[in-house]
Amino acid sequence: MRFEDTLNKLHALDRECGLLSEVTALLSWDQEVNLPRAGVEERAEQMALMEGLVHGRATSPEIDKLLRELGSTSENPRGDESLPALERDFCKVLRREYDRMAKLPPDFVREYARAQGISQAAWAEARKRNDFAAFAPHLQNMVDIMRRAAGYWGGSGAGVYDCLLDLYEPGVKADEISRLFKPLRERLSALIRQIAARPQPDTSFVEGEYDPDQQARYNHELMKRLGFPLDRGRLDVSAHPFTNGMGYNDIRITTRYAKNDPLSSIFSVIHESGHAFYELHIAPELRGSSLGQGVSMGIHESQSRLLENVVGRSRSFWEGQFPALKEFFPRQLGQVSLDAFYRAVNRVQPSLIRTEADEVSYSLHIILRFELERRIFAGELAVNDLPKAWEESMKEFLGLAPDTDAQGVLQDIHWSQGSFGYFPSYALGNLYGLQFWQKLRSDLPGADAAIAAGNFEPIHTWLADTIHCWGKRLDPPELLKKVTGQVLAPDAFLDYVETKYAGIYGL
Ligand code: CO
């Protein structure tokens, strides 16, 4: 084959970058799960070295040279038309990554990494002391740095925020997100008002005592029942649940245990399993290459939220799973009916904290953050005015006002790391997820019955063959179009929540 030699060299370089990233992922996983407290500083040094090595390889001129030999340039990223489709997709992804990194001057990359570390530490301290003023200069610095990064990538004016969004959701622009979020906000707010006027389900049995070791035993059982291949991954404990992959056959998830709330760990396990299945089902021929990963934050969240909420909080799901859960906790749940449990896991109650939000109010937390960060990058909102703007928006969106900045503008880590443009992907995940689900249901009319019987195989197979297998080959809008024939829209998600919660709350 023409180009064979060049392709082999490029794949070998890409593989080295991938291996280095996996080693870094292992260090990071270990930091969250095992690291003794005093080891933090040395680990930070190890991580910085690894990240430098990855960055150095990924921006080596050799990659640019090989891509050019294949005809791949910034203007024509997919390269020579005679290349096989898979290799053209490979060129596209590699060219995009290379351009993004190579456009940042090395001095700037070092400054960014240093500022990020300092800002994140300042945020952790400020949150602990409830002191936004101490964090504000660091946040301002991160805003300035990301503005400069966007400048290197060619963004100016309104294009700055679009450049940042592109890091997390390639191909989706702020104006489009605004259009999608408008009906989302209106209809979710209306639904929350209707729900608030109805009696709340009894959730007292959830607040009983649930031994964390027994919860862990149940979670392993649940993973088996979900079809999680435990020879290709594992479950551990960390402060915040996450999924991290150290290779095609090593996808790890974590959860956390609260003695008085078994639902928190159970639904984290289901959520993170959704992320893990995506990575586990990527087509074997993409294994070990830059194409062999989930395509975006939004598509990733669509998979985790589908499994957690649409499947995991459905009545059918607990029809199949509640008897086993009762066997693990006979004293606490023996007398609880399936219906009472189903209502309890779907309780809707607006709260101040995003990560604790229910399925209905969650997206409102996201829209609030999206609007604030967009105003910051449009120059309409000063960093120092953020706490006040946060409070006003919270009242407007959820009718609640935080007593402290720790429960308000300081609650999330994202902005301290310069991750502006990240938040929308969580809400977009809800929209993608339900559009995919609609299609799955029409392809698999027996999906509900299978879930109720505890058989998740048909769903996994459909998701794997239709969505997961593609890895990074298709950008999110292309993937959505290919699977559903549609463009991104809020209706499927809104129809789903409105119907579901009308049933639960008797609206
Ligand atoms: Co997630």
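Attention here is on the structure that accompanies the text.

**A word on helix 16 (residues 386-398)**
Part 1: The terminal C-alpha atoms of helix 16 lie 17 Å apart, and with 13 residues this matches the ideal 18 Å at 1.5 Å per residue to within 8%.
Part 2: Among all positions of helix 16, only L386, P387, A389, W390, S393, M394, F397 and L398 are buried. Axial view of helix 16: buried residues confined to an arc of 155°, hence all on one face. Exposed residues on helix 16 whose side chains face more than 90 degrees from its buried face are K388 and E396.
Part 3: Of the residues trailing helix 16, G399 is marked for its positive phi of about 70°.

**Considering the state of the cysteines**
When the sulfur atoms of two cysteines share a covalent bond, that bond is a disulfide.
Part 1: This structure, assessed with the given rule, holds 0 disulfides.
Part 2: As a non-bridged cysteine, C17 has C91 as the owner of its nearest cysteine sulfur, 15 Å distant.

**Description of the coordination of the cobalt ion**
Part 1: For the cobalt ion, the full set of protein donor atoms is H271 (NE2), H275 (NE2) and E301 (OE), at a range of 2.0 to 2.2 Å.
Part 2: Spacing between the donor residues of the cobalt ion along the chain follows H-x3-H-x25-E. You can see H275 sitting in helix 10 (residues 262-280) and its partner E301 sitting in helix 11 (residues 297-311), a full 26 residues away along the chain. One exposure class covers both H275 and E301, and it is buried.

**Here's the deal with unusual backbone geometry**
Part 1: You will see that F3, though not glycine, has its phi angle at about 75°, which is positive.
Part 2: Along the chain, F3 turns up in the segment before helix 1 (4-33).

**Remarks on the packing of aromatic side chains**
Part 1: Scanning all chains against the criterion turns up 25 aromatic pairs.
Part 2: Summarising the aromatic geometry, the rings of Y432 and F436 are spaced 6.4 Å apart at their centres and angled 15° between planes, so their arrangement reads as stacked. Of the two residues, Y432 and F436 both sit in helix 17 (residues 424-443), 4 residues apart, roughly one turn of that helix.
Part 3: What makes Y432 buried here is its relative accessible area of 1%.
Part 4: On the basis of relative accessible area, F436 is assigned to the buried category, the value being 0%.
Part 5: Here a set of aromatic residues connected by ring pairs shows up, and it is made of Y161, Y168, F181, Y362, F370, F377, W390, W415, F420, Y422, F423 and Y426.
Part 6: Over the face of the ring belonging to Y362 we find R305, whose NZ or CZ atom lies 4.2 Å from the ring centre.
Part 7: Here R369 stacks its cationic end above the ring of F423, 5.4 Å away from the centre of that ring.

Reading the values: the criteria
Residues numbered from 1 in each chain as written. Predicted model: local features only at pLDDT ≥ 70, side-chain atom pairs only at ≥ 80, totals over all residues. Heavy atoms only, no water. Helix = DSSP H or I, 4+ residues; strand = E, 2+ residues; numbered from the N terminus. Expected span 1.5 Å × (residues − 1). Buried < 20%, exposed > 50% of the residue type's maximum accessible area, 1.4 Å probe, protein only. Arc of directions from axis to C-beta. Disulfide = S-S within 2.5 Å. Donors = N, O, S within 2.8 Å, 3.2 Å for Na, K, Ca; no water. Phe/Tyr/Trp six-rings, centres within 6.5 Å; stacked < 30°, edge-to-face > 60°. Lys NZ or Arg CZ within 6 Å of the ring centre and 35° of its normal.

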